[in-house]
Amino acid sequence: MTDASAGTPSAPARLLTGFSLEMTGKDVDALHAAQASIPQGTRINVTYLGNEDLPMRVSAAAAVAAGGFVPVPHISARRLESQAELEKYLSSLEEVGAARELFVVGGDPANPLGPYPDALSVIRTGLLPGHGVRGVSISGYPEGHPDIGTDTLWSALEDKIQALEEAGLDASITTQFGFDVDPVLNWLQDLRGRGVKAPVRIGVPGPAGVKRLLGYARRFGVASSAGIAHKYGFSLTNLLGTAGPDRFIQDLAEAYSPAVHGEVRLHFYTFGGIKATADWVRDYQDRH
């Protein structure tokens, strides 16, 4: 809602300012279809999946840049088989004007395919600035990680922030998605209490079918009990329905305090498709 007398945006609408989106290497056609719904200059992350190759990833990042958006290609450390592969990827991104911003993550493989066991090892190569990289986003886990202890997660995050500062790179954090605002707010407060001032993008699932959302939640270790589902706004008894993040964003906006939680934006995981998510954001902003 807006203040009718002043015409000012509501708290949820302000929180959506500068939101970012996510796409895979296979979503170039979907990006073109969604282009009219996405504000120019929007950051769009491009994933680094095991079933995609270098040309596909680079083409997707190039399409983002060509559309007037800011490409944020992912680097999955544990999927890299060699330093040569990393250098080739960085050079290829630089050639298409898509290397300025990166998201560096450890990745899924249980055993690294090459010399990089985690995101920190990629950052510490010293290769990123030489290929035009100026900013790096790293992962945050408000609900923890199913395979990594809490103390280890915090230590790794702080080490990565320090390494980025030492490399002269701008640091930011993008969190895993969730359905419950409380862990997010607690995590943000803990983060700022540790002296980390980097801006944070809170992961939010875009509108999608309930069954699909729950499937992703199980895959990534996100809590989705009946109570949390009800709080988010969908019912576990109606798996055929769809759900959007209206209530999550409303609750987050009402409790968010810049003085306590620092700089925060939203990052949408486009489980229901990039156009459906972009349309939802545009309509939500219009309503508020």
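Everything discussed here concerns the structure shown above.
Residues numbered from 1 in each chain as written. Predicted model: local features only at pLDDT ≥ 70, side-chain atom pairs only at ≥ 80, totals over all residues. Heavy atoms only, no water.

Details of the packing of helix α3 (residues 54-66) against helix α4 (residues 83-95)
Running from N to C, α3 and α4 point in directions that differ by 30°, and their axes come no closer than 10 Å. Viewed along their axes, α3 and α4 adopt a mutual orientation that is roughly parallel. With respect to the hand of their crossing, α3 and α4 are arranged in right-handed fashion. Of α4, the residues touching α3 (which contributes L54, R57, V58 and A61) are K88, Y89, S92 and L93. (Axes fitted to C-alpha atoms, helices over the stretch in contact; angles between N-to-C directions. Helix = DSSP H or I, 4+ residues; strand = E, 2+ residues; numbered from the N terminus. Parallel < 35°, antiparallel > 145°, perpendicular 65-115°, else oblique. Left-handed = near helix turned anticlockwise from the far one by under 90°. Contact = heavy atoms within 4.5 Å.)

A look at the pattern of salt bridges
The full count for this structure, using the stated rule, is 8 salt bridges. Put simply, R287 and D246 hold a salt bridge, and the shortest N to O gap is 3.2 Å. Taken as a pair, R287 in helix α12 (residues 274-287) and D246 in helix α10 (residues 246-255) lie far apart in primary sequence, 41 residues in all. Residue classification places R287 among the partly exposed residues on the basis of a relative accessible area of 48%. Connected via shared salt-bridge partners are K275, D279, R282 and D283. (Salt bridge = Lys/Arg side-chain N within 4 Å of Asp/Glu carboxyl O. Buried < 20%, exposed > 50% of the residue type's maximum accessible area, 1.4 Å probe, protein only.)

Here's the deal with the environment of P73
You can see P73 is positioned in strand β3 (residues 70-76). Note on P73: relative accessible area 0%, which makes it buried. On a C-alpha basis, the gap between P73 and R219 in space is 22 Å, while along the polypeptide they are 146 residues apart. Beyond its immediate sequence surroundings of up to four residues, P73 is in contact with V46, A61, Y89, L93, A98, E101, L102 and F103.

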